[in-house]
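# Overview (structure and organization)
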Amino acid sequence: MLLAAAGNNAAAFVPAKSAFGIQSKSSSFFNNGIVRNRDQALFVLNEDAIGIDANAKAKADTEILSTPSITIEESAGRVTAPPRDLNAARKSTAAYLSKYQGLTGAGIIYTKLVENGVNVVNGYSGGAVLPLLDQFHQDHPRHNGESPAIRWITNSNENSAGHIAEGYAKSAPKLADGKQPAGVVVATSGPGVTNLITPLQDAICDGAPMVVLCGQAATTAPSDAFQAAPAVDLTRPCTKWSYKIKSAAELPYVMDYAFFIARNGRQGPVFVDLPKDLQNQVLDEDLIDSYSAGIAIKGNDAAENYDGVARFMPLHSGANGDEGPTDHVLHLGLPDKGILFSMDGDNSKIESIKDGINLSDDEVKFALDHNPANIVYNRDPDTAEQTSDEFAVGSKLVGKMYNLLHKAKKPLIVAGMGCNECPEELMQFAKAFQIPVATTLHALGAYDERDELALNMVGMHGHPTPNFMTQEADLVICIGSRFDDRITGRMDAYIPEARKAAAEYRGGVIHVDLRLSQKAEQVEPTYFVHSTGKHFLDIMNAETAKRRQEDPEEDTINTAEWLKHKWALEEEYPVKVPHFPTETIVTTDDDGIESEVQRTKMSAQSVVTEMNRQILQAGKMDDCIFSTGVGIHQMVAAQLITWTQPKQMISSGSLGTMGVALGFVIGCKLANGHKMCISVDGDGSFNMTFTELKTVAEQNIPVKLMILDNESQMMVEYWQRLFHDERYLAVTNTVNPNYGMLAQSFGIKNLYCDNEEELKEVMHEFLFADPDEPVLLHARIEKTPCLPLVAPGAPLQDMILEDLESEGGFDPSAAPS
Ligand SMILES: Cc1ncc(C[n+]2csc(CCOP(=O)(O)OP(=O)(O)O)c2C)c(N)n1
Ligand SMILES: [Mg+2]
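Figured I'd write up the structure that's included with this text. (Residues numbered from 1 in each chain as written. Chains lettered and ligands numbered in written order. Predicted model: local features only at pLDDT ≥ 70, side-chain atom pairs only at ≥ 80, totals over all residues. Heavy atoms only, no water.)

### Points about the overall build of the protein
For the protein, the helix and strand inventory stands at 29 helices and 28 strands. Every one of the 817 residues in the protein was classed for burial, and the buried ones make up 59%. For the protein, the exposed area adds up to about 30,700 Å²; of that, 49% sits on carbon and sulfur atoms. (Helix = DSSP H or I, 4+ residues; strand = E, 2+ residues; numbered from the N terminus. Buried < 20%, exposed > 50% of the residue type's maximum accessible area, 1.4 Å probe, protein only. Areas by Shrake-Rupley, 256 points an atom, 1.4 Å probe, with all protein chains shown as cover.)

### Quick notes on the environment of Ala503
By the element assignment, Ala503 lies in helix α19 (residues 496-503). Linking Ala503 and Pro381, residues 122 residues apart in sequence, is a C-alpha distance of 5.5 Å.

### What to know about the nonpolar core
Ranked by size, the top nonpolar core spans 49 residues in total, and within it Met611, Phe626 and Ile678 carry the most contacts. When neighbours within four sequence positions are excluded, Ile678 is seen to be in contact with Met611, Ile615, Cys624, Ile625, Phe626, Ser627, Val665, Lys704, Phe766 and Leu767. (Core = buried A, V, L, I, M, F, W, Y, C linked by side-chain atoms within 4.5 Å. Contact = heavy atoms within 4.5 Å.)

### Details of the packing of helix α15 (residues 396-407) against helix α20 (residues 533-550)
Geometrically, a packed helix pair is captured by the angle between its two axes and the distance between the axes. Remark: α15 packs on α20, axes separated minimally by 10 Å, with the N-to-C direction vectors making an angle of 75°. The pairing of α15 with α20 is recorded here as roughly perpendicular in orientation. Here Val398, Gly399, Met401, Tyr402, Asn403 and Leu405 of α15 come into contact with α20, specifically with Phe536, Ile539, Met540, Glu543, Thr544, Arg547 and Arg548. Grouping the constituent residues of the contact of α15 with α20 by class yields seven nonpolar, three polar and three charged. (Axes fitted to C-alpha atoms, helices over the stretch in contact; angles between N-to-C directions. Parallel < 35°, antiparallel > 145°, perpendicular 65-115°, else oblique. Nonpolar A, V, L, I, M, F, W, Y, C, P; charged D, E, K, R; others polar.)

### Observations concerning the side chain of Thr628
With respect to the helices and strands, Thr628 occurs in strand β21 (residues 624-628). A polar side-chain atom of Thr628 sits 2.7 Å from a polar atom in the side chain of Ser651. For Thr628, the residues in contact, after removing those within four places along its chain, are His633, Gln634, Ala637, Met649, Ile650, Ser651, Val660, Ala661 and Val680. (Polar contact = N/O pair within 3.5 Å; in protein donor to acceptor, adjacent residues only side chain to side chain.)

### Considering the sheet that holds strand β12 (residues 386-390)
Sheet architecture is open: eight strands sit in the order β12-β11-β18-β17-β16-β13-β14-β15, paired in mixed fashion. Both outer strands of the open sheet, β12 and β15 (454-457), are each paired with one neighbouring strand and no more. Averaged over neighbouring strand pairs, the angle between their axes works out to 15° when direction is ignored. Sheet analysis places strand β11 (residues 375-379) next to β12, joined by five bridges and oriented antiparallel. Its bridge partner lying in β12, Asn378 is registered against Thr387. Where α15 meets the sheet, it contacts β11, β12, β16 (475-479), β17 (508-513) and β18 (527-530), and its direction lies at approximately 60° from that of β11. (Pairing = 2+ DSSP bridges.)

### Observations regarding the coordination of the magnesium ion (ligand 2)
Listed as protein donors to the magnesium ion (ligand 2) are Asp683 (OD), Asn710 (OD1) and Ser712 (O); their distances from the metal cover 2.0 to 2.1 Å. Linear spacing of the donor residues for the magnesium ion (ligand 2) on their chain is D-x26-N-x1-S. The residues Asn710 and Ser712 share a single accessibility class, namely buried. (Donors = N, O, S within 2.8 Å, 3.2 Å for Na, K, Ca; no water.)

### Thoughts on unusual backbone geometry
Following Leu787, the chain continues into Pro788 via a peptide bond in cis, with omega recorded as 5°. Of note, Pro788 is situated in the loop between β26 (775-780) and β27 (789-790). Positive phi is not limited to glycine here, since Ile495 has a value of about 40°. Relative to the elements of secondary structure, Ile495 occurs in the loop between α18 (485-488) and α19. Judged by relative accessible area, Ile495 falls into the buried class, the value being 0%.

### A few points about the side chain of Glu449
Looking at where Glu449 falls in the secondary structure, it is placed in the loop between β14 (437-439) and β15. Apart from the residues lying within four places of it in its own chain, the contact partners of Glu449 are Thr439, Leu444, Ala454, Asn456, Met457, Ile641, Thr642 and Trp643.

### Points about the site of ligand 1
Neighbouring residues of ligand 1: 17 residues in total, closest Ile632, Gly656, Gly684, Ser685 and Ser712. Residue Asp683 places a side-chain N or O atom 2.9 Å away from an oxygen atom belonging to ligand 1. Within the side chain of Asn710, one N or O atom sits 3.0 Å away from an oxygen atom of ligand 1. For ligand 1, the protein covers 79% of the area, taking 590 Å² as the surface of the free molecule. If you tally residues by element for the shell around ligand 1, the top one is helix α25 (residues 683-689), at four residues. (Near = heavy atom within 4 Å.)

### A few points about helix α21 (residues 560-572)
A rise of 1.5 Å per residue sets the reference length of α21, with its 13 residues, at 18 Å; its end C-alpha atoms lie 19 Å apart and thus fit the reference within 8%. Every buried residue of α21 is accounted for by Trp562, Leu563, Lys566 and Leu569. Buried residues in α21, looked at end-on, bunch into an arc of 120°, giving them a common side. Opposite its buried face, α21 presents the exposed residues Glu561, Lys564, Glu571 and Glu572, each directed more than 90 degrees away. As for α21, its buried residues are in contact with β13 (411-415), β15 and α17 (464-472). (Expected span 1.5 Å × (residues − 1). Arc of directions from axis to C-beta.)

### Topic: α19
Looking at α19, one finds that the buried residues are Ala498, Ala501 and Ala502. Seen from one end, α19 has its buried residues packed into an arc of 105°, which puts them on one side. At its buried positions, α19 is contacted by β16 and β17.

Right under this line is the structure:
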């Protein structure tokens with residue numbers, strides 16, 4: 001529906017079939033994997049406005065699309081042609097801004113939060129953010145005495161506010177546009193910002209969409225003003241976009257852009273720095289006029305207009321700034337990562353398109369990591385020659401890939417985060433070829449573990465069977481995972497059979513990722529599909545249906561032996577649950593009367609197994625979401641919970657941040673009020689952030705908080721046992737609080753259990769007795785490691801399976817990081 005004209009030497013694009021359509025691309029355009037002149041993140045006016053040349057259309061092959069943050073109307077019946085010259089651009093900018101005339105910067109932000117569908121914000125107060133905070137107050141005149149559209153939640157510190165927003169964003173159901181909502185945080189300058197660095201880094205690592213809005217010292221303040229911090233510099237490396245506004249007039253664009261960037265491509269956090277005076281600045285006619293008049297054209301004098309850091313200005317959409325119409329196009333972000341966008345004809349919507357502007361290599365790389373091009377690449381193992389093709393039903397390389405899938409005798413799917421959006425499509429694909437499916441930590445539940453093809457979690461603490469089978473597989477289909485070292489073991493020993501099969505044209509590696517930069521980053525793929533997991537599965541499922549309709553012979557399955565092998569391995573190598581001997585102990589009751597009772601100590605594994613059993617038995621697993629901290633308890637939960645739904649395990653998978661479980665579970669409950677949200681936390685992790693119990697109590701958020709207390713940072717303690725001759729340092733939590741009393745002091749119901757005999761009953765009460773109020777369970781457990789553990793530096797199949805047996809003798813430098 002849209003598209004830009006191209007200048008000299010620039011790529012031309014056909015209009016998208018729809019705003020969310022699939023595009024194709026000529027091979028000449030992406031030979032050798034080099035793509036030029038493609039800005040997937042450009043936003044321009046509608047195609048009529050730009051006047052696409054019919055010949056260019058005919059020659060063109062593809063367009064890649066990112067989706068807009070706001071619904072796009074089809075161009076038919078669209079409003080008037082947009083401006084074609086600078087004056088018109090200025091006028092239309094002024095017209096758009098006048099919608100917000102009379103509001104302060106803070107008022108515009110609040111309005112834009114509402115426009116972007118935000119209904120809850122977590123945060124913390126501070127002088128620099130007072131004007132924005134005030135907007136949330138229910139007595140603020142903007143609410144006309146009604147309840148505010150946005151629920152404001154005060155946390156105990158900004159760090160938790162960030163984790164809550166992340167938990168919200170990671171677990172929330174999709175919005176009408178098919179994408180996750182962003183979690184939103186409001187905080188003050190200086191320490192407010194620095195407290196947010198960990199959640200921002202966590203969110204960028206795990207691809208969680210977040211919009212973080214922080215106050216800043218006034219633009220007139222000196223650089224060393226009280227609580228001023230170089231917020232944009234601090235947050236730039238851990239955000240997709242970090243920007244300090246220069247005028248309240250920018251805010252309508254900045255806010256839409258912030259949500260767009262956070263929620264599109266590979267999702268992630270954005271940061272907006274809000275000087276206090278600009279939060280108070282009123283967008284009046286004069287400001288609108290002066291802002292609109294300041295619009296410049298990017299052309300040959302582009303350098304003049306660049307401020308070298310972050311920029312925001314309308315610019316010329318013609319290639320190289322030479323010829324072409326002047327459109328209402330805006331540029332935000334760093335020069336090398338800037339993203340161009342524009343409002344449509346009536347200036348009410350952002351549209352995403354691409355354009356013929358020449359891009360630098362960095363810009364191309366950035367753009368291609370945010371917008372899948374739907375191209376499949378094939379590497380010939382003999383000649384190393386690369387070919388590529390459009391990724392579409394019936395294309396040559398898709399046909400070849402299908403043949404390989406059909407031929408393989410030992411195929412295995414590694415499902416990563418990219419499968420979380422498409423569990424049905426994944427199951428359809430796996431069933432069609434009878435391929436077993438292993439999942440990464442990020443994708444637990446993307447394949448229902450109750451199904452017979454499920455292999456459960458793969459990797460360092462994965463189940464033994466998927467680890468063994470990965471190494472034996474002749475074809476590895478990795479969908480939406482980056483081959484992180486946590487799932488591969490020693491890289492040069494990874495997937496030897498698939499590598500051999502690739503050389504013999506009977507297998508290899510199919511890698512699907514929406515980031516082109518992941519191609520051959522860790523593993524040289526036989527096929528690389530630059531696409532989303534969902535699109536990959538849609539196309540392969542459609543190709544399969546077509547082939548089988550044409551030839552029923554295609555329906556034959558070659559994996560029967562392979563599946564028998566799977567079930568045999570699973571029987572031989574289950575994940576073990578440590579049990580302790582039963583002891584007879586003497587207890588004294590309140591009246592001082594002694595009696596003997598049988599007591600069996602618990603392990604993290606036995607507690608999680610009992611929880612899992614009861615939830616499954618009650619038929620409630622689909623209605624549960626779990627968060628974890630980082631440590632043994634996290635891996636035990638990953639191994640032993642029967643995952644049935646994607647986004648059911650909310651954990652810090654990439655950064656491995658302790659202390660997130662409480663914030664995450666609050667965010668999960670805020671986004672999924674009807675679900676049972678349970679945090680499975682470790683004592684060390686919980687100790688980091690338990691101040692957030694205040695938020696739980698104050699807001700009466702009915703979450704279930706389980707603390708697996710082994711008085712230790714057990715994961716690291718075990719490494720010290722294996723790799724440092726039991727010299728334990730910094731890992732023992734000898735003085736943990738009495739967690740029950742701690743909960744009690746906030747008025748939160750609490751339970752305690754330290755033995756298997758009482759576990760069943762206590763667990764039942766914890767899970768089912770109080771659906772509408774928060775409950776804390778202090779489970780006192782013994783120290784047990786989480787096994788299997790792939791020995792560091794060892795191949796994936798080389799696992800420590802039993803405690804005691806395989807300890808010691810490892811190279812200390814090989815300890816996991
Ligand atoms: C913020 C942070 N600091 C340090 C670490 C390193 N680390 C990984 S696991 C772990 C121990 C976790 O202890 P606990 O939460 O009690 O879990 P357990 O292993 O005992 O189940 C540590 C210190 C980390 N991942 N995150
Ligand atoms: Mg612990």
